[in-house]
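Descriptive structure summary
Here's the letter readout for the chains.
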Amino acid sequence: MLGVVVRRVAIGVPVIIGVSAIIFFVLRVLPGNPVQVITQGAPTTPGERHDIIVEFGLNKPIFSQYLSFLGNAVRGRFGISFATRQPVMGEIGSQAMATVELAVAAMLMTVLLGVGLGVVSALLRDTWVDATIRALSLLGSSMPIIWTGPLLILIFSFTLRLFPANGSGTLSELVLPALSIALVTSGVIIRLVRSSMLEVLGLEFVTALRAKGVPEAWIWLRHILRNALVPAVTLLGVQLGGLLSGAVIAETVFGRQGLGSLLVNGIDEKDYPMVQAIVLIVATAYVAINIVVDVSYAYLDPRVRTQLAR
Amino acid sequence: MPDEQLLSVRDLRISYRTGTGEADLVRAASFDVAPGEIVCLVGESGSGKTLTGRAILGLLHHNDRMRVSGSVVFGGRELTGLPDRSLRTVRGSQIAMIFQDPVAALDPVVRVGEQVAEAMARRGRRRGRSRVSGEIADLLRRVGITDPELRMRQFPHEISGGMCQRIGIAIALAGDPGLLVADEPTTALDVTIQAQVLDLIAELRRERGLSVLLITHDMGVAARMADRILVMYAGSIVEEAPAADFFVHAAHPYGLGLIRAVPRIDIDRPGRLSAIPGAVPEARNRPPGCAFHPRCPVRLDLCAEEEPAPLRLGGQLVACHRAADMLTGRLSLWDSEAPVG
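These figures come from a predicted structure and were not determined experimentally.

1. Observations concerning the overall build of chain B
Across its full length, chain B holds 12 helices and 12 strands. Considered along the principal axes of its C-alpha atoms, chain B spans approximately 70 × 45 × 40 Å. For chain B, the proportion of its 341 residues judged to be buried stands at 51%. For chain B, restricting intrachain contacts to residue pairs at least 6 apart in sequence, the fraction spanning at least 24 positions comes to 66%. Accessible surface for chain B amounts to roughly 15300 Å². Of this, 50% is attributable to carbon and sulfur atoms. A gap of 5 Å separates the mean positions of the 41 positive and 42 negative side-chain charges of chain B.

Rendered as structure tokens:
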């Protein structure tokens, strides 16, 4: 098991380095002058502008800029924000929790909706309930958050007055943004859980369980669901990418604080250090969570465990 | 006589609904199993043996396309038409089943010990955890599993096929059933393991007075195990006979064909294996008259027109127009080049 983790980390490192290169160079290709951001549009002399360029190291060759960015990043230093002239890690640290909260809430909702409705759909297969769930899951996963977000606000905030439309901090303010993300990510999970449960239902061991007199509810919960979760967990790991990008959009739509709004502002303001830091941190989290998913996959399927032990 | 029987199946019909109509997979099968008896249901693949075994336990309910009718009486109680909840009290604790593919019959992600425990828990007794695991270990030891404490903690894929079949037998025995339906229990196993598993079943019959309905296509297995033989062809039971009679003078050409298809080292010369030509017809394309007539070396014109009714000849019950001729030895099949027509 430890071997798996080590191997996955070894694969993850080049992925993260690749991400750092892409974000670093793409930012510098984009039009716009960071010096204007740093001076916040105030009139400056050429000498002052030169001082700023030197202060932020923007005069050095681009590859040496990249290497020093990478070297500092490994030590957890992401530099000074162009916009606020404060260390970016401080600002990220104060905003990160809001995003983690949103991502975790969205993940929980994805699992609840995905597995719950998937099981109901499989149990009541080929009934109107099943048809409705499948239609809704397709609808949910095909609608973007910039559309479902306002729709949810319209229904649950303005009409039903159940949850606040925006803000961050309280639990009730978390519901709508998390739901808007989960609607997208749970659709695929619902359909996968349904189809893999029905696939397991046709296997011989289910007949064998019935033949030994095991109650049907126990067969479904302990055996069929457990077997069907193996592929679902893998997909959940893949869905995490969608979850994180969803969080960025949902924060903007629902006017929440967090890394998403920080990132969007950073891109607007050509705040290189801020954007680089957030992208790199999110990419690292993504890789780390996928390692966790791989390990839990082995936990769910003992056959994988045996293979890994070799 | 019926009250002496442990299991009485009467007029069992299984049909399968397709897009265009219904296909009869099993047609009016009737047979009995007495206490402590081993009855072998033999026939080629596709003849309906497995379905018959599963219908006894009511396991076809779960397929909406299957329709089962007729009567299955076990220990004086009618099982057909019982709701699933009542059937559950029969399954495992009165009639148990072992399966052809022992690995596929176990849940791959649940430990073996727990799967045995599930079969024990059915009897509604409350016992401590350690007592249950002690009982499981005893049961596993009984079916010839060494180091049961280790095996209980393993998963099916960590165990050999033969061992899995022993686990399957342990699961079947856990509820202390009166009848064991064994569906090709040795087909997926190596020959040496086959013999061990068959010996175990025979031993359990002697020890516990267990009745066994052994479904097999292997005539060697049938000869070794059976008290009585049921021959199934295209969904019908075409011959029923005490094993001793059957292997000496099978009265149905199909039954005799099955026996003769087994290579014999003492008689056969190389290149003289007698296979029955052709294959079992599909249920939808069942020939008129006797379903076996297109493959039968001693068919008459009558065979294509009229389905033979079962006829009792001594201890044998045969559905064949030529049964009497078969028994009196006036017919010989396959070994002479010119079958009598």
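Next, the rest of the story.
2. What to know about the interface of chain A and chain B
One widely used convention gives an interface's size as the accessible area the parts lose upon coming together. The interface is formed by 23 residues belonging to chain A together with 28 residues belonging to chain B. Of the roughly 2300 Å² buried between chain A and chain B on both sides combined, carbon and sulfur atoms contribute 57%. At the junction of chain A and chain B, the tally comes to 3 salt bridges. The residue B:R54 makes a salt bridge to A:E204 at a minimum N-O spacing of 2.6 Å. The interface formed by chain A and chain B contains 11 residue pairs in polar contact (both at pLDDT 80 or more). Taken together, the elements giving at least two residues each to the side of chain A that touches chain B come down to helix 9 (204–211), helix 10 (216–253) and helix 13 (302–309) of chain A. Tallying contributions element by element places helix 9 of chain A first for the side of chain A that touches chain B, with 7 residues. Class assignment for the residues of the side of chain A that touches chain B results in 9 nonpolar, 5 polar and 9 charged.

3. Concerning the sheet that holds strand 1 (residues 7–17) of chain B
Residue and element names in this part refer to chain B. Strands sit in the order 2-1-4-5 across an open sheet of 4 strands; the sheet is antiparallel. The sheet terminates laterally at strand 2 (22–33) and strand 5 (77–78), the two strands that pair on one side only. When strand 1 meets strand 2, the two strands line up antiparallel, connected through 8 bridges. In the sheet register, S8 faces strand 2, and the bridge partner there is D32. Where helix 1 (residues 49–56) meets the sheet, it contacts strand 1, strand 2 and strand 4 (66–74), and its direction lies at approximately 115° from that of strand 1.

4. Examining the pattern of salt bridges
All told, the structure shown has 26 salt bridges over all chains when counted by the stated rule. By sharing partners, the salt bridges in this structure join A:D126, A:D130, A:R134 and A:R194 into a single network.

What counts as what
Residues numbered from 1 in each chain as written. Chains lettered and ligands numbered in written order. Predicted model: local features only at pLDDT ≥ 70, side-chain atom pairs only at ≥ 80, totals over all residues. Heavy atoms only, no water. Helix = DSSP H or I, 4+ residues; strand = E, 2+ residues; numbered from the N terminus. Buried < 20%, exposed > 50% of the residue type's maximum accessible area, 1.4 Å probe, protein only. Contact = heavy atoms within 4.5 Å. Areas by Shrake-Rupley, 256 points an atom, 1.4 Å probe, with all protein chains shown as cover. Lys, Arg positive; Asp, Glu negative; His and termini not counted. Charge placed at Lys NZ, Arg CZ, Asp CG, Glu CD. Buried area = accessible area lost by both parts, 1.4 Å probe. Salt bridge = Lys/Arg side-chain N within 4 Å of Asp/Glu carboxyl O. Polar contact = N/O pair within 3.5 Å; in protein donor to acceptor, adjacent residues only side chain to side chain. Nonpolar A, V, L, I, M, F, W, Y, C, P; charged D, E, K, R; others polar. Pairing = 2+ DSSP bridges. Axes fitted to C-alpha atoms, helices over the stretch in contact; angles between N-to-C directions.

Note that all results are geometric; they support no functional claim without further evidence.
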